[in-house]
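Fold and contact review
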Amino acid sequence: MNAMGAAPFVADLVISGGTVVSGEASIAADVAIAGEHIVAVGRPEAMPPARERLEARGLLVLPGAIDVHVHFREPGYTHKEDWATGSAAAAMGGVTTVFEMPNTNPPTRSAAELAEKRALAAKSSVDFGLYGLLAEDNLDELEGLIAAGANAFKCFMGNTFGDLPAPSTGAMLEGFEIIARTGLRISLHAEEATIMARRQARLAAAGRNDPLDHLLARPAVVAVEAVGRAATLAEWTGARIHILHISSAAELRPLAEAKARGVDVTGETCPCYLLLSREDYGRLGPLIRVNPPVREAYDRDALWHALRSGVIDMIATDHAPHTPEEKARLPIWRADCGFPGVETQMPLMLTEVARGRLTIEQYVRLAAEAPAKAFGLWPTKGRIAPGAHADIAIVDPKRTETIRAADLHSRAKVTPFDGVTVTGVPVHTLVRGRLVQRDRRFVSDSSGWGRPVTEIQRMPTPVLRNADLAIDRLAPRLPLARSAA
Ligand code: DOR
Ligand code: ZN
């Protein structure tokens, strides 16, 4: 009891002696946590007493990474991944929030399917958002998905794992009209489907079956076309959009132009496009197959430039687990596309920070601040400040480790970065004040600690355009036809 008769405030945890990093600056500061929130950041003598202390001398205290592009495969493909293994990989990788994609089986295309996925995600160790699908045949479901708490939408403009057909431009516009009203962001797999289908069929028929032929089937024009078209629909409706896995120099032009026109568009790239190029196809074989493909060295270099200049807003992973057997198939058209990434993103990017290719502040902006802002989680997530969730990656910037596929926490023990030595590793991860990784070990009883971001997500009020021309304002949709039973 103090003089006023109230019990003195005692924090749960103080992270002491570390360097706190934001998008603007790195400062020596302690961080006090009570319950799920940060309550103080500052000089050691300004910290409240705490039940526990975490020594962080020589370490960096980063807002946990927010990865808006993961595939955790449940329901339907749990031999590749599930919410427990995928979120353990995230925890080990310093990733405290994920947004999970709808190409599961069944796909997340209705309110009931979203509710089913949310129940499965209850075993997650990290916080999560769920994508609803925007497809040709589920426009009648979009309002239900919104009401059920979808945190963003995903539209596959080109084919990839799951073989969800690309919607027509007409269906996309109608979907954009509906979703625009909520302010929720629509993430695009921006590769034009028909160009790829024709080229892949011609190449395969001609016996072109090598890993590099995958790159030839998906030239960058597929992305240029799709980014431009998505931006046109976003500009017309006022919908917010996000361009997933930017892989080429060429698509940066329509992206930058859309931004200049005032379209609310963000873009991400992934470590594989920043660190691999055509030269790696021979060495990696079918393992390198990913959609969009890893491209030329000049594409890779342009992506680095765009990261630094702000044309690309954020880093995500497209964490796409498949078994080693599914990744090794030849001819190339039979290899599943993508590979795990949520556990290796932070060490790989910190290694580039150590090499001087990015500053640590730029990295925090790309991995935490920008995704938090674009997807409505700011100011609760994405920063180390009083009032924010205590979502924290404590990083040893000097620690070296060699990435080993067999050591991944993902169920899919495969990575194109097997054998790569990294400098800079998250050594502890906290999600809302709770350690989910400690000293490079997953805290297994954290399974189930993850929560949906729906309760904290706030998208700013959208600026609608041409709303009076939205087709459902002109001509109401008829109720779904019922089969005569
Ligand atoms: O290579 C990919 N794999 N790209 C995607 O867009 C989807 C992903 C998957 O789900 O396997
Ligand atoms: Zn993806």
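Summary of the structure given here. (Residues numbered from 1 in each chain as written. Chains lettered and ligands numbered in written order. Predicted model: local features only at pLDDT ≥ 70, side-chain atom pairs only at ≥ 80, totals over all residues. Heavy atoms only, no water.)

One recurring pattern in soluble globular proteins: nonpolar side chains tend to sit buried together. Counting residues in each nonpolar core, the largest one holds 94 residues, and the members touching the most others are Val-98, Phe-176, Ile-186, Leu-188 and Tyr-363. The contact partners of Phe-176, leaving out residues within four places of it in the chain, are Leu-134, Ile-186, Leu-188, Ala-230, Leu-233, Ala-234, Thr-237, Ala-239 and Ile-241. Core analysis: the next-biggest nonpolar cluster, separate from the first, contains 18 residues, Leu-13, Ile-15, Val-31 and Ile-38 among them. (Core = buried A, V, L, I, M, F, W, Y, C linked by side-chain atoms within 4.5 Å. Buried < 20%, exposed > 50% of the residue type's maximum accessible area, 1.4 Å probe, protein only. Contact = heavy atoms within 4.5 Å.)

Once that is clear, we can look at the coordination of the zinc ion (ligand 2). Every protein donor of the zinc ion (ligand 2) is listed here as His-69 (NE2), His-71 (NE2) and Asp-318 (OD), and their distances to the metal cover 2.0 to 2.2 Å. For the zinc ion (ligand 2), the donor residues sit on a single chain with the sequence spacing H-x1-H-x246-D. (Donors = N, O, S within 2.8 Å, 3.2 Å for Na, K, Ca; no water.)

With that out of the way, let us pick up the site of ligand 1. Neighbouring ligand 1 are 14 residues, the closest being Arg-73, Asn-103, His-189, Asn-291 and Cys-337. Contact distances for ligand 1 include 2.9 Å between an oxygen atom and a side-chain N or O atom of Asn-103. Measuring from an oxygen atom of ligand 1, one finds a backbone N or O atom of Gly-338 at 3.3 Å. When the free accessible area of ligand 1 is taken as 290 Å², the share hidden by the protein chains comes to 100%. Its residues assigned to classes, the shell around ligand 1 comprises 4 nonpolar, 8 polar and 2 charged. (Near = heavy atom within 4 Å. Polar contact = N/O pair within 3.5 Å; in protein donor to acceptor, adjacent residues only side chain to side chain. Areas by Shrake-Rupley, 256 points an atom, 1.4 Å probe, with all protein chains shown as cover. Nonpolar A, V, L, I, M, F, W, Y, C, P; charged D, E, K, R; others polar.)

The subject of this paragraph is the pattern of salt bridges. All told, the structure shown has 35 salt bridges when counted by the stated rule. In this structure, Asp-445 engages Arg-434 in a salt bridge whose closest nitrogen and oxygen atoms are separated by 3.4 Å. Of this pair, Asp-445 sits in the loop between β19 (441-442) and α15 (471-474) while Arg-434 sits in strand β18 (residues 434-438), placing them 11 residues apart in sequence. By relative accessible area, Asp-445 is classed as exposed at 55%. For Arg-434, a relative accessible area of 29% puts it in the partly exposed group. Overlapping salt bridges bring together Glu-36, Asp-127, Lys-381, Asp-391, Arg-432, Arg-451 and Glu-455 as one network. (Salt bridge = Lys/Arg side-chain N within 4 Å of Asp/Glu carboxyl O. Helix = DSSP H or I, 4+ residues; strand = E, 2+ residues; numbered from the N terminus.)

Looking now at the sheet that holds strand β9 (residues 95-100). Hydrogen bonds between backbone groups are what pair the strands of a sheet, and the pairing can be parallel or antiparallel. Ordered in space as β8-β9-β10-β11-β12-β13-β14-β15, the 8 strands form an open sheet in which the pairing is parallel. Taken across any chain shown, the strands that pair with only one partner, and hence form the sheet edges, are β8 (65-70) and β15 (314-315). Where strand β12 (residues 185-189) lies against strand β13 (residues 240-243), 4 bridges are found, and the strand directions are parallel. Residue pairing in the sheet places Arg-185 in a bridge with Arg-240 of β13. Strands in contact with helix α4 (residues 169-180) are β11 (152-156), β12 and β13; relative to β12, the strand with the most contacts, it is inclined by about 155°. (Pairing = 2+ DSSP bridges. Axes fitted to C-alpha atoms, helices over the stretch in contact; angles between N-to-C directions.)

Counting buried positions along β11 gives 5 out of 5 residues, so the element sits mostly inside the fold. Every second residue of β11 is oriented toward a common face, with Ala-152, Lys-154 and Phe-156 on one face and Phe-153 and Cys-155 on the other, all of them buried. Sheet topology note: the strand β10 (residues 127-133)/β11 ladder contains 3 bridges and is parallel. Looking at the pairing, Tyr-131 lines up with Ala-152 of β11. The handedness of the β10 to β11 crossover, carried by helix α3 (residues 142-147), is right-handed. Inspection of the sheet shows β11 paired to β12 by 4 bridges, in the parallel sense. Bridging across to β12, Lys-154 finds its partner in Ser-187. (Right-handed = clockwise from strand over helix to strand, strands pointing away.)

Note that Pro-63 resides in strand β7 (residues 60-63). Overall, Pro-63 belongs to the buried group, its relative accessible area being 4%. On a C-alpha basis, the gap between Pro-63 and Asp-391 in space is 6.0 Å, while along the polypeptide they are 328 residues apart. For Pro-63, the contacting residues outside a window of four places in its chain are Val-21, Val-364, Ala-368, Gly-382, Arg-383, Ile-384, Asp-391 and Ala-393.

Turning our eyes to something else, we now look at helix α14 (residues 360-374). An ideal rise of 1.5 Å per residue puts 21 Å on 15 residues; α14 measures up with 20 Å between its terminal C-alpha atoms. Maximal helix bending in α14 amounts to about 40°, located at Leu-366. A large share of α14 lies buried, amounting to 13 of its 15 residues. One or two steps after α14, the chain reaches Gly-376, where phi turns positive at roughly 75°. (Expected span 1.5 Å × (residues − 1). Bend = angle between axes of the 7 residues up to and from the residue.)

Moving on, we get to the state of the cysteines. As used here, a disulfide is simply a covalent bond connecting the sulfur atoms of two cysteines. Per the counting criterion, the structure on display carries 0 disulfides. The thiol of Cys-155 is not disulfide-bonded; the next cysteine sulfur, from Cys-270, is found 18 Å away. With a relative accessible area of 0%, Cys-155 lands in the buried category. Of the cysteine sulfurs around Cys-270, a residue in no disulfide, the closest is that of Cys-272, at 5.5 Å. The class of Cys-270 is buried, set by a relative accessible area of 1%. (Disulfide = S-S within 2.5 Å.)

A few words on the side chain of Thr-266. Secondary-structure assignment places Thr-266 in strand β14 (residues 265-269). What makes Thr-266 buried here is its relative accessible area of 9%. Here His-242 takes part through its side chain, which lies 2.7 Å from a polar atom of the side chain of Thr-266. Other than its neighbours up to four places away in sequence, Thr-266 contacts Arg-185, Ile-241, His-242, Ile-243, Asp-313, Met-314 and Ala-374.

Once that is clear, we can look at unusual backbone geometry. Between Asn-105 and the following residue, Pro-106, the backbone shows a cis peptide bond with an omega angle of 5°. Residue placement: Pro-106 occurs in the loop between β9 and α2 (111-120). Residue Trp-378 is joined to Pro-379 through a cis peptide bond whose omega torsion reads 5°. Within the secondary structure, Pro-379 is located in the loop between α14 and β16 (392-402). Phi angles above zero are rare outside glycine, and His-245 is one such case at about 30°. Turning to its location among the elements, His-245 is positioned in the loop between β13 and α8 (252-260). One non-glycine residue, Asn-466, lies in positive phi territory at about 55°. Topologically, Asn-466 is positioned in the loop between β19 and α15.

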